[in-house]
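# Descriptive structure summary
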Amino acid sequence: MTSRAVPITIVAAGVVLLAALLIVSSCGPGIPAESQWMSHVRALADDHLRGREAAGEGIREASDYVARELKRYGVEPMGDSGTYFQRVPLRARTIDEANCELALVQGRRVIPLTLGVDALHSMKLQPAASVNARLVFVGYGLQIPEAGYDDLEGLDLKGAIAVFLQGAPKEVKGPLQAHHSYRSERWKALHRAGAIGMIQISARALSEVKWHLIAPSRLQPSLVLEGAPFDDVPEMGLNLHWNPEKAPRLFQGTKARFSDLSKMAAEGERLPRFELPYRLRARIASTVRPAECRNVVGMIRGSNKRLREQYVVLSGHLDHLGVGEPVDGDSIYNGALDNASGCATLLEVARMLKRSGHGTKRSVIFLFSTAEESGLLGATYFVERPTVPRRKLIANLNIDMFLPIRPLRGITAYGIDESDLGDVLRRVAKAESLKVVPDPKPQRRFFVRSDQYPFIRKGIPALMLDSGATDSVTAAAYQKWVSTHYHQPSDDAAQTIDLGAVARYDRFALAMTRAVADGARRPQWRRDSFFRRFASGPAR
């Protein structure tokens, strides 16, 4: 279904509601596995759930659906107080643009800027009431001591706003550049150097979503986890996302052209660093209110008395973007493949494990996280406040937006070279006749953009399991999907899905879960992995 602003009668409304109830009802046990998967995707991506926005009513219905399915399969509840739900307390901050101002200042010349056209404020911080500071272009804005790379060396950033292009130097391996590009890690370096805020610009070739679709979302509440321990950008006064089409203005009067810098960033080349000929003047007003979401957590208990209190976490995010800017008359961002698909696979793995009658030695936790699209908030909260002792979480396998739009012949696993989970994956992939495909685009930083990353930051070995393109036709199809459907209303259950690829991926996910949960020893970081430093005990 699509969402269109058409009045309906009470009778028609009843028909729509009945259809929605039929869609979310469970399939019977005799229905083939691939149809079971598709029924979950249709249920979670249906219009009546309004895009499963993290603080909305739709995601509560979605989480109720998942909990019912887990209960039906015989999966134990592992949320709060004997339920399947873990409360995730949040704050929602909304910009008050009527009382905001933004301008570039050059001597006595003031150039007013328009929010939503030139730039937009991130509300994932406690912004300063006002800012008046010089601008310094800092290349990628990265300090990566492990690679001997430092964009900030020799720069005077005291009291300045750092302007940077998204990306990283190609000579730094993907997981390492991804980690240091993460917002909190980049801010640590900029803040140490004296910066009071930052402006980020996407290189045109690396932009995944068009600006005119991003800009309207600035008026929606931004979610952050409640409490000082979760503040990942302390003392940041301003964070702006700059429209790449308006970025050339920032570089007027310098020796660099934005088009050249953007091309260099797309190629992973080192960027120059220099003072920009402007100050930025801003007045920022916002309101904040408490909000609440919930993770869904279930468990299949291990069969081995010695190992059952070690836990393998299989995760996928349940939320999506909600209702937004209409595209071709459709304003509901259903999130069928991002990430109802991953949640459907989690449910299928749970169903197949229970149906087999042959459990795993270690226990398997199924985590359907909330607010991933808002910054990995549900997974971050679970890892910080797990419903089992954290030291007993031994591995995370995360599934987010695998694309069953072509026959499945390959798997890409982000983080494959960081722990011995990579060895397990290679064995399982070989047994399933699947080729292991390296990360084709490390500059897109997928390693830190989904729910495996909070586990990694706590020292827990993790992988993100994705479909991998083994030929140019499949690679082109994946790229076309990203350009056409990623974070678009067209990512719905009506798109063409290869159910054979689904069935094969689900078998792989089950085999991978079994292999890790039945392994002779708990997963460990490789000795040369940067992320080993976050671990303690056996994982180290």
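Further up the page is the structure itself.
All of the points below concern the structure found in this document.

Calculation notes
Residues numbered from 1 in each chain as written. Predicted model: local features only at pLDDT ≥ 70, side-chain atom pairs only at ≥ 80, totals over all residues. Heavy atoms only, no water. Axes fitted to C-alpha atoms, helices over the stretch in contact; angles between N-to-C directions. Helix = DSSP H or I, 4+ residues; strand = E, 2+ residues; numbered from the N terminus. Parallel < 35°, antiparallel > 145°, perpendicular 65-115°, else oblique. Contact = heavy atoms within 4.5 Å. Nonpolar A, V, L, I, M, F, W, Y, C, P; charged D, E, K, R; others polar. Buried < 20%, exposed > 50% of the residue type's maximum accessible area, 1.4 Å probe, protein only. Phe/Tyr/Trp six-rings, centres within 6.5 Å; stacked < 30°, edge-to-face > 60°. Lys NZ or Arg CZ within 6 Å of the ring centre and 35° of its normal.

What follows concerns the packing of helix α4 (residues 174–181) against helix α5 (residues 183–192). Orientation of α4 relative to α5, taken along the N-to-C sense of each, is 65 degrees, at an axis distance of 5 Å. Taken as axis vectors, α4 and α5 run roughly perpendicular relative to one another. Listed contacts from α5 to H179, H180 and S181 of α4 are R183, E185 and R186. Classifying every residue of the contact of α4 with α5 by side-chain character gives no nonpolar, three polar and three charged.

What follows concerns α5. It helps to recall that an α-helix has 3.6 residues per turn; residues three or four apart then point in one direction. Most of α5 is tucked away: seven of the ten residues are buried. Listed in full, the buried residues belonging to α5 are R183, S184, E185, R186, W187, A189 and L190. Turning to α5, the residues buried within the fold contact β7 (143–144), β9 (161–165), α4, β10 (197–201), β12 (238–242) and α11 (452–457). G194 lies just past α5 and shows a positive phi near 105 degrees.

Turning to the packing of aromatic side chains, a few remarks are in order. Any aromatic ring pair is given by two values, namely how distant the centres are and how the planes are angled relative to each other. The tally for this structure, following the rule as stated, stands at 16 aromatic pairs. Ring centres 4.6 Å apart and planes at 65 degrees place the aromatic pair Y182 and Y453 in the edge-to-face group. Of this pair, Y182 sits in the loop between α4 and α5 while Y453 is found in helix α11, placing the two residues 271 residues apart along the sequence. With respect to class, Y182 is no different from Y453; both count as buried. Looking at R294, its charged tip hangs above the ring of F85, at a distance of 3.8 Å from the centre.

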